[in-house]
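# Results of the structural survey
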Amino acid sequence: MWSSEDENTQVSSEDDSEYLSDASKDSFASTKEDFVPYDESREPVANEDEAAQHAMQVAEEEEEEQMLLSRFCGEVDVREWCRCSNCSLTCVVKAEECRCCMEVNRCIEKMEEVEKDVQCITMHPGFGSVCLDRWVLQTAGIGLKTKLKKSYTTMLTLGYRAEAEFLRSVAYRQFVHLVWEYVGKSNRLPLPCCVYNAIRSAFLTAEHQYHGYEEEDDNKV
């Protein structure tokens, strides 16, 4: 049996429901009216100092790119920029590879760690065993994978990669571990010219189709 109190409560609930419904509609309408489409002009604008710094950085990068290109094309003689006496254009395939180890701060620091006078990073006592020893490279390659999660050793076993290519790829990464220790999965560092020459001369490819420090097999099955 319904009482007057129950009836009043029901009416009150219905009124509240209608009120909430109207309020929700008003809120939605208000939100819809307040919505502003994305406008690129509203993006924060760099101040003068930030703009000047960015322009300077771009100019420096372009200058370095042009410098390396002039080296790669032979416009600038190797003897003018190589200070370790082991750089050569014989095995390089990219302009960014035309950089002496004496121009890389971390290489200089690594050479200063050894007691004897070392003028080239390839003369570092650890370079030969870490980067050129076939057995060390085969062992180090067991745990390596490409960006596409392909095992180095599996690709070698299945014939998707030649042994010399496999050894060079591992050697590049071994050198990075020797000098920089760890740089992250997504980072790629251009190695010094002398290092490319030493590794590629040790593990030759007949056609001289070399790749830099990069994932050489991303396009392979």
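## A closer look at the overall build of the protein chain
Scanning the protein chain from terminus to terminus reveals nine helices and zero strands. Ordering the α and β elements of the protein chain from the N terminus gives α-α-α-α-α-α-α-α-α. In the protein chain, buried positions account for 32% of the 221 residues. Looking at the protein chain alone, contacts between residues at least 24 apart form 61% of all its contacts between residues at least 6 apart. Here the protein chain displays about 14700 Å² of accessible surface, and carbon together with sulfur accounts for 51% of that area.

## Side note on the confidence of the model for the protein chain
Taken residue by residue, the protein chain gives an average pLDDT of 78. The fraction at 70 or more is 71%. The lowest-confidence element of the protein chain is helix α1 (residues 4–34), averaging 51 in pLDDT; the highest-confidence one is helix α5 (residues 127–132), averaging 96. Confidence over residues 215–221 falls short of pLDDT 50; this stretch has 26 contacts with residues more than four positions distant or in other chains.

## Observations regarding the packing of helix α4 (residues 105–112) against helix α8 (residues 163–179)
In contact at an axis separation of 10 Å, α4 and α8 are set at 65° when each is read in the N-to-C sense. In terms of orientation, α4 lies roughly perpendicular with respect to α8. Here α4 contributes R106, C107 and K110 to the contact with α8, which in turn contributes F175, L178 and V179. Looking at the contact of α4 with α8 residue by residue, the classes come out as four nonpolar, no polar and two charged.

## Remarks on the nonpolar core
In globular proteins that are soluble, nonpolar side chains generally tend to be buried together. C84, C87, C101, I121 and F175 are the most contacted members of the largest nonpolar core, which has 39 residues in total. Listing elements by their share of this core, those giving two or more residues are α3 (78–81), α4, α5, α8 and α9 (193–202). The dominant element in this core, judged by the number of residues it contributes, is α8, at 10 residues.

## Examining unusual backbone geometry
Leave glycine aside and you will find that most residues have negative phi; peptide bonds, for their part, are mostly trans. You will see that S85, though not glycine, has its phi angle at about 70°, which is positive. By the secondary structure assignment, S85 is in the loop between α3 and α4. Look at S85 and you get exposed, because its relative accessible area is 68%.

## Comments concerning the environment of V195
Examined against the element boundaries, V195 turns out to sit in helix α9. Note on V195: relative accessible area 0%, which makes it buried. It is 9.3 Å that separates the C-alpha atoms of V195 and F127, two residues lying 68 residues apart in sequence. If we skip the residues at most four places from it in the chain, V195 touches I121, T122, F127 and F175.

Rules of the game
Residue numbering note: each chain is counted from 1, following its sequence as written. Only residues with pLDDT of at least 70 get local features here, since the model is predicted, and only at 80 or more are side-chain atom pairs given and counted; chain-wide, interface and lining totals rely on the full set of residues. Excluded from the side-chain calculations are hydrogens and water; all other atoms, namely the structure's heavy atoms, are used. Here a strand is any run of E in DSSP of at least two residues, a helix any run of H or I of at least four, and the numbering for each starts at the N terminus. Buried residues are those whose accessible area, probed at 1.4 Å on protein chains only, stays under 20% of the maximum for their type, while exposed residues exceed 50% and partly exposed ones sit between those limits. Contacts: residue pairs with any heavy atoms within 4.5 Å of one another. Using the Shrake-Rupley algorithm and a 1.4 Å probe, accessible areas are obtained, with residue cover drawn only from the displayed protein chains. Per-residue confidence from the predictor is reported as pLDDT, a score between 0 and 100. Geometry is summarised by axes, namely lines fitted to C-alpha atoms with helices restricted to the contacting stretch, and by angles between N-to-C directions that run from 0 to 180 degrees. To sort the angles, those under 35 degrees are grouped as roughly parallel, those over 145 as roughly antiparallel, those from 65 to 115 as roughly perpendicular, and the leftovers as oblique. In this classification, Asp, Glu, Lys and Arg are treated as charged, Ala, Val, Leu, Ile, Met, Phe, Trp, Tyr, Cys and Pro as nonpolar, and every other residue, Gly included, as polar. Side-chain atoms within 4.5 Å are what join buried Ala, Val, Leu, Ile, Met, Phe, Trp, Tyr and Cys residues into a set we call a nonpolar core.

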